[in-house]
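Descriptive analysis of the structure
So the chains spell out like this:
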Amino acid sequence: MNPTPNTGALAGIRVLDISRILGGPYCGQILGDHGADVLKVEPPQGDDTRTWGPPFRDGVASYYHGLNRNKRTMSLDLGSESGREALLALVAEADVLIENFKTGTMERWGIGYDELSKRFPGLVWCRVSGFGADGPLGALPGYDAAVQAMTGIMSINGEASGDPLRVGLPVVDMVTGLNAVIGVLLALQERQRSGKGQFVEAALYDSGLSLLHPHAANWFMDGRKPKRTGNAHPNIYPYDALNTGTDPIFLAVGNDRQFASFCRCIGVAELAEDPLYRDAGSRSVNREGLKQILEARLASFDGRKLVDELMAAGVPAAPVLPVDAALEHPHTAHREMVVEMEGGYRGIGAPVKLSRTPASYRHAPLTPGDGFLEVPEGAP
């Protein structure tokens, strides 16, 4: 069987991924999806996430499989001199290095950024860290849930009458991985002008704070402590999960026109002219009364059918689906957001679509490798 061709925008870029857990490996997978040759170097015992299950396949957890596609994998003991020498030989060929070692670890081994940037001035070094190297929290280890707690995310997540709640996915880790990708691409772009690499850092703490919109913007403007609002948006309404006669639906009304259309669809057109609800600010202030009115009216509707009618009328609405239904939705297949590869691998597809240089899926997780591939002709 012919291998899947590498059509990606990053074909010819060599990435040495010596990171583990989530943020760094996620960055490496995204770069690999878009054509980079990613060589993942793991310690002899493997990335810790190989054990983060069940479920497992051949002793390796699904968690690992979800973050390590489009890489070839090899093992080195960087605590040994021979392992570090082998790593240096790979760094000499790499464009990008991704790592998330505890601050000071690589420096103690004599292979920190200050040392290697002198030897390899074109290298883009990407570090994923918890809090950065210095400052009051500098060099401390960072974990997604703890950073959600520290950056205020938990304080605004959950029901208004409930306790602070962790977001049900590792949002800080994943956004840090995305920020790392952005940083790498910015550094590679600048390298075309200067010929020089640079140090890129994506910290979980910074990424957590960056997610606080609109709560941070609200606080900067009026100084009031943001509160939990459950499924409802803190600024606009109805932007909330509402009960119907069957399934709950999520309604995402963002302007007065959409609200008027919604009211017509459910047979209460006059509600859009009520002074309490006719403009966005009034609807937000009077949201509790509005929700009661809407749910009383919606009790006679089939939620799934109503969503179709609302969407056809230009009113943003959605059924509240479980994960399996979302992954099996016809539009998920249409958008090519589920990837299948030889050996039974299935995973989430690349969300960024490029017209001439689309993502490709060439290496299933755990594909072995012992060095970089030849750079294709015409690649940078």
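The text that follows walks through the structure, step by step, so that each part is easy to find. Quantities reported herein were computed from a predicted structural model and do not represent experimental measurements.

1. Remarks on the overall build of the protein chain
A count of helical and extended segments in the protein chain gives 15 helices and 14 strands. Its C-alpha atoms give the protein chain principal-axis dimensions of about 75 × 55 × 45 Å. The buried share among the 380 residues of the protein chain stands at 44%. As displayed, the protein chain offers around 20000 Å² of accessible surface, 54% of which is attributable to carbon and sulfur atoms.

2. Structural notes on the nonpolar core
Ile 13, Val 15, Leu 31, Ala 36, Val 96 and Ile 98 are the most contacted members of the largest nonpolar core, which has 31 residues in total. Breaking this core down by element, the ones donating at least two residues are helix H1 (23–33), strand S6 (96–99), strand S7 (124–129), helix H7 (171–194) and strand S8 (199–203). For this core, the element with the highest residue contribution is H7, accounting for eight residues. Residues in contact with Ile 98, not counting those within four places in the same chain, are Val 15, Leu 16, Asp 17, Ile 18, Ser 19, Gly 24, Cys 27, Gly 28, Leu 31 and Cys 126. Counting residues in each nonpolar core, the second largest holds 24 residues, with Leu 242, Val 253, Cys 263 and Leu 294 among its members.

3. Quick word on the environment of Gly 53
Checked against the element boundaries, Gly 53 lands in the loop between strand S2 (37–42) and strand S3 (56–57). Separated by 258 residues in sequence, Gly 53 and Met 311 have C-alpha atoms that sit 39 Å apart.

4. Quick notes on the side chain of Gln 29
In this structure, Gln 29 sits in helix H1. Under the relative-accessibility criterion, Gln 29 is labelled buried at 5%. Among the polar contacts made by the side chain of Gln 29, one reaches the main-chain amide nitrogen of Arg 69 at a distance of 2.8 Å. Look past the residues within four positions of Gln 29 in its chain and what remains in contact with it is His 65, Gly 66, Leu 67, Asn 68, Arg 69 and Lys 71.

5. Comments concerning the state of the cysteines
Inspection of the entire model under this criterion finds zero disulfides. Note on Cys 27: no disulfide assigned, nearest cysteine sulfur contributed by Cys 126 at a separation of 4.8 Å. For the unlinked cysteine Cys 265, the closest cysteine sulfur is that of Cys 263, found at 9.3 Å. Owing to a relative accessible area of 26%, Cys 265 belongs among the partly exposed residues under this scheme.

6. Focus: helix H12 (residues 287–298)
Given a rise of 1.5 Å per residue, 12 residues ought to cover 16 Å, and the 16 Å separating the end C-alpha atoms of H12 matches this to within 8%. All of the buried residues along H12 are Arg 287, Leu 290, Leu 294 and Leu 298. Down the axis of H12, the sector holding all buried residues measures 60 degrees, keeping them to one side. Seen from the buried face of H12, the exposed residues on the opposite side, beyond 90 degrees, are Glu 288, Gln 292 and Ala 296. Check the buried side of H12 and you find it contacts strand S9 (239–242), helix H10 (256–265), helix H11 (280–285) and helix H13 (303–312).

7. What about the sheet that holds strand S1 (residues 14–17)?
An order of S8-S7-S6-S1-S2-S5-S14 is seen for the seven strands of this open sheet, with the pairing classed as parallel. Of all the strands in the sheet, just S8 and strand S14 (367–368) have a single pairing partner and so form its edges. Two strands pair when backbone bridges link them, and S1 and S6 are joined in this way by three bridges, in the parallel orientation. Residue pairing for S6: Leu 16 is matched across the bridge by Leu 97. The sheet strands contacting helix H3 (residues 81–91) are S1, S2, strand S5 (71–75) and S6, and the helix crosses S1 at an angle near 155 degrees.

8. Notes on the pattern of salt bridges
Enumeration over the complete set of coordinates arrives at 13 salt bridges. The salt bridge partner of Asp 37 is Arg 72, with a shortest N-O separation of 3.1 Å. Residue Asp 37 is located in strand S2, and its partner Arg 72 is located in strand S5; the two are separated by 35 residues in the primary sequence. We note that Asp 37, like Arg 72, is buried. Here Arg 283 makes a salt bridge to Asp 256, at a shortest N to O gap of 2.9 Å. Of this pair, Arg 283 sits in helix H11 while Asp 256 is found in helix H10, placing the two residues 27 residues apart along the sequence. Relative accessible area serves as the criterion here: at 1%, Arg 283 is assigned to the buried category.

9. Looking at unusual backbone geometry
Glycine aside, a negative phi is what most residues show, and trans is what most peptide bonds show. Cis geometry is found at the peptide bond from Gly 53 to Pro 54, where omega equals 5 degrees. In this structure, Pro 54 sits in the loop between S2 and S3. Cis geometry marks the peptide bond from Pro 54 to Pro 55, where omega comes out at 5 degrees. Here Pro 55 is to be found in the loop between S2 and S3. Even without glycine at this site, Ile 21 takes up a positive phi of about 75 degrees. Considering the arrangement of structural elements, one finds Ile 21 in the loop between S1 and H1. Unusually for a residue other than glycine, Leu 366 sits at a positive phi of about 75 degrees. Relative to the elements of secondary structure, Leu 366 occurs in the loop between strand S13 (345–348) and S14.

Cut-offs applied
- Residues numbered from 1 in each chain as written.
- Predicted model: local features only at pLDDT ≥ 70, side-chain atom pairs only at ≥ 80, totals over all residues.
- Heavy atoms only, no water.
- Helix = DSSP H or I, 4+ residues; strand = E, 2+ residues; numbered from the N terminus.
- Buried < 20%, exposed > 50% of the residue type's maximum accessible area, 1.4 Å probe, protein only.
- Areas by Shrake-Rupley, 256 points an atom, 1.4 Å probe, with all protein chains shown as cover.
- Core = buried A, V, L, I, M, F, W, Y, C linked by side-chain atoms within 4.5 Å.
- Contact = heavy atoms within 4.5 Å.
- Polar contact = N/O pair within 3.5 Å; in protein donor to acceptor, adjacent residues only side chain to side chain.
- Disulfide = S-S within 2.5 Å.
- Expected span 1.5 Å × (residues − 1).
- Arc of directions from axis to C-beta.
- Pairing = 2+ DSSP bridges.
- Axes fitted to C-alpha atoms, helices over the stretch in contact; angles between N-to-C directions.
- Salt bridge = Lys/Arg side-chain N within 4 Å of Asp/Glu carboxyl O.

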